Amino acid sequence: MKKLLCCILGLLVVTAAVSAQSAESIDVSIRFYDKTVYYPDSASENPIMVKVSITNTGSVPYHFKLSDDRNFSMDFTVFNMKNQPLPQRASLVEKRTTSRTVYFREITIDPGEEYSFVENLKDYVQITDPSIYFFTVTFYPQLYKSKQSAVISNRLSLDIRPAPGIGAAFVAVAEETNQILKVEALSPDKVIEQTIIARQKGLWEQFFLYMDIEQMLMNDDVRNRKYRSASAEDRIRMITAYKSDLMSDRIDSDIVALPSRFRIERTEYNQTEGTVTVTEWFDEETFTRLKQYVYYLRQKDGIWQMYRYEVINLGTE
């Protein structure tokens, strides 16, 4: 009898250990899916689509439940610049507090396998103001009400711009088609090529599309100190003013200078950082000025963005 009891206790300990190991062997990661320019609210017309990936990093199969309505399997938590969480949508709260049947599937992923799906952040959280936000996803392997073994994802930053037509200094739409612009997974040289061509055509939103505007602003020491000490609202105003000053050629004139032609000389990059060297010609009244630009780019969420540049004068011709 004593031997049987010891076996049972041993089995329970092993089972608990395997369960604990299984709960800790899951990794939940998030990234933007079909990234575009984001505005407040308008969940259907301007969604924030996020790809959620669940990976088994352990050595045994991992089992979890996934509801047909993802609202019962996960949460988005969005923080403002003061690290305060934004409120959940009223429709989400009502759905979770109303008695209803939740349909789900049992899913098993083997070691090294990944299961992914895409969700609209705006279906979970209400965003009413333009600002810089941060967000994570909490995944509930045993559904929302149990909240057992909840796993929190990595953290992403989210730039919400002023809504078009409400005093915004510029609108992120293509001037020719009036369509909202979407960033694409272009190579560094193509990013710079598209940026220069946009400047030649006077298409400001396309010109800014692949720029890390916040970092560009902070490259200046004075602006950097002022920006870091500013409130979230003041930072939005500073970024808006910075773009307006660029368009008016009041600051950083080299980056907005209008070349008559250009030639990409060299492109170098690894998984996260890259440089593109370009020769650009600028027509004056009686001569043409040559300059060499070195653009520095950084890959963020699968998208290359230019965040710094250097200029060397090459003389005239």
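Here's a quick rundown of the structure. (Residues numbered from 1 in each chain as written. Predicted model: local features only at pLDDT ≥ 70, side-chain atom pairs only at ≥ 80, totals over all residues. Heavy atoms only, no water.)

### Some points on the sheet that holds strand 1 (residues 26-32)
Part 1: Spatially, three strands are ordered 1-2-6 in an open sheet, and the strand pairing comes out antiparallel. Since the sheet does not close on itself, it has two edges, and those belong to strand 1 and strand 6 (114-120), each with one partner. Averaged over neighbouring strand pairs, the angle between their axes works out to 20° when direction is ignored.
Part 2: Judged from the seven bridges that link them, strand 2 (residues 49-56) and strand 6 form a sheet pairing that is antiparallel. (Pairing = 2+ DSSP bridges. Helix = DSSP H or I, 4+ residues; strand = E, 2+ residues; numbered from the N terminus. Axes fitted to C-alpha atoms, helices over the stretch in contact; angles between N-to-C directions.)

### Overview of the sheet that holds strand 11 (residues 273-283)
Part 1: Sheet architecture is open: four strands sit in the order 10-11-12-13, paired in antiparallel fashion. Of all strands in the sheet, those with a lone pairing partner are strand 10 (261-269) and strand 13 (303-316), marking the two edges. Between one strand axis and the next, the sheet turns by 20° as a mean value, whatever way the strands run.
Part 2: Pairing of strand 10 with strand 11 involves eight bridges; the strand directions are antiparallel. If you follow T267 over to strand 11, its bridge partner there is V276.

### Let's talk about helix 6 (residues 221-228)
Part 1: Of the positions making up helix 6, those classed as buried are R223, N224 and Y227. With its buried residues spanning 105° around the axis, helix 6 presents them on a single face. In helix 6, the exposed positions that point more than 90 degrees away from the buried face belong to D221, V222, R225 and K226.
Part 2: Residues of helix 6 that are buried make contact with helix 5 (213-218) and helix 7 (232-247). (Buried < 20%, exposed > 50% of the residue type's maximum accessible area, 1.4 Å probe, protein only. Arc of directions from axis to C-beta. Contact = heavy atoms within 4.5 Å.)

### Topic: the pairing of strand 12 (residues 288-300)
Part 1: When strand 11 meets strand 12, the two strands line up antiparallel, connected through 11 bridges. If you follow D283 over to strand 12, its bridge partner there is T288.
Part 2: Where strand 11 folds back on strand 12, the antiparallel hairpin that results is connected by four residues.
Part 3: Here strand 12 runs beside strand 13; their pairing, made up of 12 bridges, is antiparallel. Considered in strand 13, the bridge of R289 is made with T316.

### A look at the layout of surface pockets
Part 1: Its volume calculated, the largest pocket comes out at about 750 Å³.
Part 2: Forming the walls of the largest pocket are 35 residues, and the residues nearest its centre are I132, D159, D212, K300 and Q305.
Part 3: Taken together, the elements giving at least two residues each to the lining of the largest pocket come down to strand 7 (131-139), strand 9 (156-160), helix 5, helix 6, helix 7 and strand 13.
Part 4: The element that contributes the greatest number of residues to the lining of the largest pocket is helix 7, accounting for five residues.
Part 5: Taken as a whole, the second largest pocket encloses approximately 250 Å³ of empty space.
Part 6: Surrounding the second largest pocket, 14 residues form its lining, D129, P130, S131, Y133 and E233 being those nearest its centre.
Part 7: When residues of the lining of the second largest pocket are assigned to their parent elements, the largest contribution, three residues, is made by helix 7.
Part 8: Residue classes in the lining of the second largest pocket are distributed as seven nonpolar, four polar and three charged. (1 Å grid on protein atoms, 1.4 Å probe; cavity = no way out; pocket = protein on both sides within 12 Å on 5 of 7 lines; lining within 4 Å. Points joined across faces, edges and corners; volume = space filled by probe spheres on them. Nonpolar A, V, L, I, M, F, W, Y, C, P; charged D, E, K, R; others polar.)

### As for the side chain of T195
Part 1: One can find T195 in helix 3 (residues 188-200).
Part 2: For T195, a relative accessible area of 7% gives the class buried.
Part 3: Among the polar contacts listed, one links the side chain of T195 to the backbone oxygen of V191, at a separation of 2.8 Å.
Part 4: Beyond its immediate chain neighbours, meaning those up to four positions away, T195 contacts F207, Y210 and M211. (Polar contact = N/O pair within 3.5 Å; in protein donor to acceptor, adjacent residues only side chain to side chain.)

### Section: the pattern of salt bridges
Part 1: In total, this model carries 13 salt bridges according to the counting rule given.
Part 2: Across the pair K190 and E193 runs a salt bridge, and its minimum N-O distance is 3.3 Å. Taken as a pair, K190 and E193 lie in helix 3 at a separation of three residues, close to a single helical turn.
Part 3: Residue class for K190 comes out partly exposed when judged on its relative accessible area of 42%.
Part 4: On the basis of relative accessibility, which here comes to 26%, the residue E193 falls in the partly exposed class.
Part 5: Residues R261 and E317 are paired through a salt bridge, measuring 3.5 Å at the closest nitrogen-oxygen approach. Of this pair, R261 sits in strand 10 while E317 sits in the segment after strand 13, and the two are 56 residues apart along the sequence. (Salt bridge = Lys/Arg side-chain N within 4 Å of Asp/Glu carboxyl O.)

### What about the nonpolar core?
Part 1: Among the nonpolar cores identified, the biggest contains 37 residues, and I192, F207, M211, I255, Y295, L297 and M306 are the most heavily contacted of them.
Part 2: Elements supplying a minimum of two residues to this core: helix 3, helix 4 (204-208), helix 5, helix 7, helix 8 (253-256), strand 11, strand 12 and strand 13.
Part 3: M306 has contacts with I192, Y210, M211, D212, M216, I255, Y295, Y296 and L297, leaving out every residue within four places of it along the chain. (Core = buried A, V, L, I, M, F, W, Y, C linked by side-chain atoms within 4.5 Å.)

### Focus on unusual backbone geometry
Part 1: One non-glycine residue, D249, adopts positive backbone phi at about 60°.
Part 2: Within the element layout of this structure, D249 appears in the loop between helix 7 and helix 8.
Part 3: By relative accessible area, which is 46% here, D249 ends up partly exposed.
Part 4: Despite not being glycine, D252 shows a phi value in the positive range, around 45°.

No statement about biological role is implied by the geometric values presented.
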